[in-house]
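Listed here are the chains, written in short residue letters.
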Amino acid sequence: SAPALAEPVHQGTDERAAPFQVVLEPIVDGFDQPVLVTGAGDGTGDLYNAEKRGSVVRVGPDRSLDPVPFLDISEKVLNDHERGFLGLAFHPDYPANGRFYVAYTRLSDSATVLSEFAPLDPQKPEDPAQDWAQDEPDPIRSIERSLLVIAQPFRWHQAGMLAFDHDGYLLF
């Protein structure tokens, strides 16, 4: 039988490798259908919990929840079956550029959307030539730019994991 989760686990024949222990510890509760937890890589220790309905809540290093969502696009997200908010990744240079990426199922047509969010520069009006649509998720003011839209004829097997590789490429 498989070992209990909190028991030390050691596999392989390398005697130099030290056994390790995996322990799960709840850090905060009260979320509704969480799909992922990630950090921004900005050194703050903040975690970002994404919920299937389309919101992202910041969790501080002291385990406190921000009362206002970091991002709330629930009015754009189709949340049923396997569809909903699918992925979140912060740009490797997020502390300097404020950019992050999300994948979600669009409410209007069930398509999977990969979007970039960037801080809205109050000094520059929206530039329609860039095809950026203004969005104002709280508490940040940002603009959303769709990078990829994929038609999804079926409601199952939706996926949208996002991550950056070591060369700085966004993987979807």
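On a predicted model such as this, the values are computed, not experimentally measured, just so you know. (Residues numbered from 1 in each chain as written. Predicted model: local features only at pLDDT ≥ 70, side-chain atom pairs only at ≥ 80, totals over all residues. Heavy atoms only, no water.)

### So, the side chain of Glu144
So, step 1. Structurally, Glu144 can be placed in strand 11 (residues 142-150).
So, step 2. With a relative accessible area of 6%, Glu144 lands in the buried category.
So, step 3. At 2.4 Å, the side chain of Glu144 forms a polar contact with the side chain of Lys76.
So, step 4. A distance of 2.7 Å separates the side chain of Glu144 from the side chain of Tyr104, its partner in a polar contact. (Helix = DSSP H or I, 4+ residues; strand = E, 2+ residues; numbered from the N terminus. Buried < 20%, exposed > 50% of the residue type's maximum accessible area, 1.4 Å probe, protein only. Polar contact = N/O pair within 3.5 Å; in protein donor to acceptor, adjacent residues only side chain to side chain.)

### Let's talk about the environment of Leu65
So, step 1. With respect to the helices, strands and loops of the structure, Leu65 is situated in the loop between strand 5 (55-59) and strand 6 (71-72).
So, step 2. Taking relative accessible area as the criterion, Leu65 reaches 37% and is therefore assigned partly exposed.
So, step 3. Linking Leu65 and Asp29, residues 36 residues apart in sequence, is a C-alpha distance of 9.6 Å.
So, step 4. In contact with Leu65, other than residues within four places in its own chain, are Val28, Asp29, Phe31, Val57, Arg58 and Val59. (Contact = heavy atoms within 4.5 Å.)

### Quick look at the packing of aromatic side chains
So, step 1. Summed over all chains, the structure comprises 9 aromatic pairs.
So, step 2. Plain terms: the ring middles of Phe90 and Tyr94 are 4.8 Å apart, the flat faces sit at 75° to each other, and that makes the pair edge-to-face. You'll find Phe90 and Tyr94 in the same group, each marked buried.
So, step 3. Measuring from centroid to centroid gives 5.3 Å for Phe154 and Trp156, while their planes differ by 25°, and the two rings are stacked.
So, step 4. For Phe154, a relative accessible area of 48% puts it in the partly exposed group.
So, step 5. For Trp156, a relative accessible area of 45% puts it in the partly exposed group.
So, step 6. Pairwise contacts between aromatic rings join Tyr48, Phe70, Phe90, Tyr94, Phe100 and Phe117 into one cluster. (Phe/Tyr/Trp six-rings, centres within 6.5 Å; stacked < 30°, edge-to-face > 60°.)

### Side note on the confidence of the model for the protein
So, step 1. Taken over all residues, the pLDDT of the protein has a mean of 83, while the share at 70 or more is 77%.
So, step 2. Element-level mean pLDDT values for the protein span from 43 in strand 10 (residues 133-135) up to 97 in strand 8 (residues 100-105).
So, step 3. Across residues 1-9, where pLDDT falls below 50, the model places 9 contacts with residues more than four positions away in sequence or in other chains.
So, step 4. Across residues 127-139, where pLDDT falls below 50, the model places 37 contacts with residues more than four positions away in sequence or in other chains. (pLDDT = per-residue confidence, 0-100.)

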